Amino acid sequence: MENPRYWRLKKQRYGLVGEVCPHCESKIFPPRDVCPECGSEARTEFTFSGKGKVYSYTVMRDAPAGYEQNAPYTVAIVALDEGPMVTAQLTDLGEEKVQIGMPVEMVTRKLREDVEKKGILVYGYKFRPVMRASN
Amino acid sequence: MSDIVIAGIGQIPVGEHYTIGLREMGVRALVQALHDSGDLKPDALYIGNLLSSMISHQSNLGALFTDYARLGGIESYTAEAAGASGAAALRLGVLAIRSGQANTVAVLGVEKWSDLVRSEAEAAIMQEMDYDYESIPGLTSTGQAGLIMQRYLNDYDLPPDALNGFAMLAHANGAHNPCSIFKNQVSPESYARSGMLCDPLNMYDGATYADGAAALVLTRRDLLPKNFPHPVIRVSGSAASSDSLSWHDRHEPMAFNAAARAVSSAAEHAGILPGQVSLFELDDPFSIYAALTLEACGLADRGKAWQMARDGEFAIHGRLPILTMGGCLARGNPIGAKGIYQVAEAVTQLRGAAGANQVTNARSALTLSLGGPASTAIAHVLERE
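What you are looking at is a predicted structure, and each value in this text was computed from that prediction instead of being measured. (Residues numbered from 1 in each chain as written. Chains lettered and ligands numbered in written order. Predicted model: local features only at pLDDT ≥ 70, side-chain atom pairs only at ≥ 80, totals over all residues. Heavy atoms only, no water.)

A. Here's a closer look at the interface of chain B and chain A. At the interface, 32 residues of chain B touch 37 residues of chain A. Across the chain B/chain A interface, buried area totals approximately 2900 Å², and carbon plus sulfur atoms make up 56% of it. For the chain B face of the interface with chain A, the top three residues by lost area are B:Tyr133, B:Ile136 and B:Leu147, together amounting to 23%. There are four salt bridges connecting chain B and chain A. For A:Asp62, the salt bridge goes to B:Arg118, with nearest N and O atoms at 3.8 Å. Applying the counting criterion to the chain B and chain A interface returns 19 residue pairs in polar contact (both at pLDDT 80 or more). Those elements that provide at least two residues to the side of chain B that touches chain A are α5 (118–125), α6 (131–135), α7 (141–155) and β5 (196–198) of chain B. Per-element accounting of the side of chain B that touches chain A gives the leading share, six residues, to α7(B). Within the side of chain B that touches chain A, the residues separate by chemical class into 13 nonpolar, ten polar and nine charged. (Contact = heavy atoms within 4.5 Å. Buried area = accessible area lost by both parts, 1.4 Å probe. Salt bridge = Lys/Arg side-chain N within 4 Å of Asp/Glu carboxyl O. Polar contact = N/O pair within 3.5 Å; in protein donor to acceptor, adjacent residues only side chain to side chain. Helix = DSSP H or I, 4+ residues; strand = E, 2+ residues; numbered from the N terminus. Nonpolar A, V, L, I, M, F, W, Y, C, P; charged D, E, K, R; others polar.)

As structure tokens, then:
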């Protein structure tokens, strides 16, 4: 476990903090400092709403080391309302069948077990179906 | 300047080689290829490998293999481009000869996979993706393919077994390849019964990772010995292109732009159209990548490659044979070595030595290796004189 690496990414993992390009207004996640749309420097922080829709999804059955306890689990590409897409696990699905286009929202959950027995777990964003008041 | 030719090929069977390690595997393939070339003396060795530093705890493979294959202090190092590492090493060899820095180059693709248990090996190969933003959320390379297969089936409104034509044709061809890991045939029924890896991607849609080592010897046309025993195979095109590591950073994830760019540049370099080649050794770590490649390269309409595979258009005697020795799906996927297997297989076809799998009158071949989901794409065109 590379502690500084996880500390460095805490804003992204816990807060979905990316960037907005001051030149073309594109919203950027993950942050990359060079706007992927117009090529200009883009270092202005932008916090995403955490709302989006499922672009696609799959079910992980052969989980890699550190993820076995949750297997099988669903991973999706989520198209955020502001534009960019992120890869994340879906959670709190209950009996709900995942569908392309399904509205989802960000929550913070444990991502990975402590495989190296150093007392450190990795937390970060997952997405769950948007709660519907009518239910 | 003189043309670049492939003078020698060597391959060990793809499989689980518990009794031999990284170095024995690599040396065996190298010795075979050098012998096949008429014992040419290389002045450089380029190596394609992805996982040796994680799985075998071994880096600096150039020093290891030049020493163990007794190549006498020549220039040597590794090219790494995930699953396209072997093809990257080949391209280094082509560039070295083309630039005049080398006359004869040995190229080795080698991968030791089977030393770790499954979950640890899966964790090792996750490094080919965007580690912070794909691997940490728990995705694997197989999961990446499952994600895009789901979207493909959805967008074109296809049944879950739409892609079965690729596994069926790969296994039909792999059954006659002495180096392939699987010799069994796949039927629509056995495909439909197969267990899921990453839904909707099933066990026949994902190639089995395995150990492998394959090698080539490249030289200048004018340096071939007078009594050279094989038909002469020229490398007439070589090109590489890149794209984002992850699907989530692409506007059109199904476009496979890097594959399209690498293939069109390599073909242009050779002065042919991709559809004119006798065979296409494309990259099929997952059946969906074969479909996306054919569609990106203009060899199938969007959303139609699966139908053409079912209709036999890509079979040995079809319109454009692909995966003629089984591809990754049946030969097995030796990751960093696979690009060299692909070229060795294409050379076997062009030499007319492919036995039951021989493509009639094979004159030219296209090869394409992918690193990740066409994050890296490296293509070569080979032609028989």
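B. Examining the environment of B:Gly10 more closely. All names here are of chain B. Along the chain, Gly 10 turns up in strand β1 (residues 4–11). Separated by 23 residues in the primary sequence, Gly 10 and Ala 33 have C-alpha atoms spaced 4.2 Å apart. With residues up to four places along the chain from it excluded, the contact list for Gly 10 reads Ala 29, Gln 32, Ala 33, Ala 213, Ala 214 and Ala 215.

C. Expanded view of the pattern of salt bridges. Taken as a whole and assessed by the stated rule, the structure comprises 21 salt bridges over all chains. A:Glu105 serves as the salt-bridge partner of A:Arg128, at 3.0 Å between the closest nitrogen and oxygen. Of this pair, A:Arg128 sits in strand β8 (residues 122–129) while A:Glu105 sits in strand β7 (residues 103–112), and the two are 23 residues apart along the sequence. One salt bridge in this structure joins B:Arg220 and B:Asp222, with 2.8 Å as the shortest N-O distance. Classification of B:Arg220 as partly exposed rests on a relative accessible area of 24%. When its relative accessible area of 48% is taken as the criterion, B:Asp222 is described as partly exposed. (Buried < 20%, exposed > 50% of the residue type's maximum accessible area, 1.4 Å probe, protein only.)

D. Quick look at the environment of B:Thr78. Inspection of the secondary structure assignment puts B:Thr78 in strand β3 (residues 75–79). Among residues more than four places away in sequence, those in contact with B:Thr78 are B:Ile47, B:Asn49 and B:Leu61.

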